[in-house]
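# Architecture at a glance
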Amino acid sequence: MSGDNVSVGTGGLCPLGPLSSSLTKGFSMVDHLTAAFSTCDLCDVHKADDSGAFRVLPPGFLHYGGKGAFCGPVATVKCFEDNTLVKAALDTPGQGRVLVVDGGASLRRALVGGNLAAAGARNGWAGVVVNGCVRDAAELRAAAVGICALGLMPLPTEKRNEGQSNVAVLIQGVWVRPGDWLYADEDGIVVSATSLLG
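The rules we used
- Residues numbered from 1 in each chain as written.
- Predicted model: local features only at pLDDT ≥ 70, side-chain atom pairs only at ≥ 80, totals over all residues.
- Heavy atoms only, no water.
- Helix = DSSP H or I, 4+ residues; strand = E, 2+ residues; numbered from the N terminus.
- Buried < 20%, exposed > 50% of the residue type's maximum accessible area, 1.4 Å probe, protein only.
- Contact = heavy atoms within 4.5 Å.
- Pairing = 2+ DSSP bridges.
- Core = buried A, V, L, I, M, F, W, Y, C linked by side-chain atoms within 4.5 Å.
- Phe/Tyr/Trp six-rings, centres within 6.5 Å; stacked < 30°, edge-to-face > 60°.
- Right-handed = clockwise from strand over helix to strand, strands pointing away.

So, on to the overall build of the chain. The helix and strand tally for the chain stands at 6 helices and 12 strands. Counting over 198 residues, the chain shows a buried share of 49%. Summarising the internal contacts of the chain: among those between residues at least 6 apart in sequence, 76% fall at separations of at least 24.

This is how it looks when you write it as structure tokens:
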């Protein structure tokens, strides 16, 4: 598995760590370090985009992490009730990325808990978006990383070493691809094929 990880912003800011030149081509990293964003403002600007490059995830994702707003380039994991690849990703340098986890919208097992949230924060992930459940609510709030999920579930996953990394995932009917840019705040989550702040 490659080391795709997440990164979070603070209070609507989008701080990014070092990224590959393919992700930063065409915009200034300095601008991203200080750029504030609002998903409502992004939607106002891009609401007429019918190309599919700008996408909005449906409502239903709740915030559990210590950062309420976060953004960054996307890395993905697709898994079902097995968080082996989620752990592997969050244990690698995030470099300001957002890990999008397609857990098949399962509400039966938690794919991220306190230990993985702490690993994500420690390793420079901006955030984690889970199409599924998380656990350890108090520990998630204490971690300096953004975390959105469908709900809380105290049961952990099985460890079967199954799943896929760095593949396109369908999250609540919306395609999210590695290298897309994701922006999350209290109003919602938007995804774009390119950076919206540069």
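That shown, we press on.
It is worth spelling out the pairing of strand 6 (residues 127-134) at this point. For strand 6, the buried fraction is high: 8 of the 8 residues fall into the buried class. In this structure, strand 4 (residues 98-102) lies alongside strand 6, joined through 5 bridges in parallel fashion. Note on strand 6: the bridge partner recorded for V100 is V129. Relative to strand 6, strand 5 (residues 110-112) runs parallel, the two sharing 2 bridges. The residue bridging V112 from the neighbouring strand is V134, located in strand 6.

On to the nonpolar core. The biggest cluster of nonpolar side chains holds 23 residues, and the ones touching the most others in it are V86, L99, V101, V112, V130 and V134. Breaking this core down by element, the ones donating at least two residues are strand 3 (70-78), helix 4 (84-90), strand 4, strand 5, helix 5 (114-122), strand 6 and strand 7 (146-152). Among the elements that make up this core, the one with the highest residue count is helix 4 (4 residues). The contact partners of V112, leaving out residues within four places of it in the chain, are V86, A117, V128, V130, C133, V134, R135 and L140. Of all hydrophobic cores here, the second largest spans 17 residues; its members include F70, V74, A184 and I189.

On to the packing of aromatic side chains, then. Taken as a whole, this structure holds 1 aromatic pair when the rule is applied. Summarising the aromatic geometry, the rings of F37 and Y183 are spaced 5.5 Å apart at their centres and angled 70° between planes, so their arrangement reads as edge-to-face. In this pair, F37 sits in the loop between helix 2 (29-34) and helix 3 (39-46) while Y183 sits in strand 11 (residues 181-185), placing the two residues 146 residues apart along the sequence. A residue is classified by how much of its surface remains accessible, and Y183, at 0% relative accessible area, is buried.

Take the environment of L196 next. Note that L196 resides in the segment after strand 12 (188-192). Residue L196 is classed as buried on the basis of its relative accessible area, which comes to 17%. Between the C-alpha atoms of L196 and W181, which are 15 residues apart in sequence, the distance is 7.9 Å. Excluding its chain neighbours within four sequence positions, the residues that come into contact with L196 are L42, H46, F54 and Y183.

Summarising burial for strand 7: 5 of the 7 residues are buried, a large majority. Pairing between strand 2 (residues 62-63) and strand 7: 2 bridges, direction antiparallel. Residue pairing for strand 7: H63 is matched across the bridge by C148. In this sheet, strand 7 lies alongside strand 6 in parallel orientation, the contact comprising 6 bridges. For V129, the partnering residue across the bridge sits in strand 7 and is C148. This β-α-β element, strand 6 to helix 6 (residues 137-142) to strand 7, shows right-handed connectivity.

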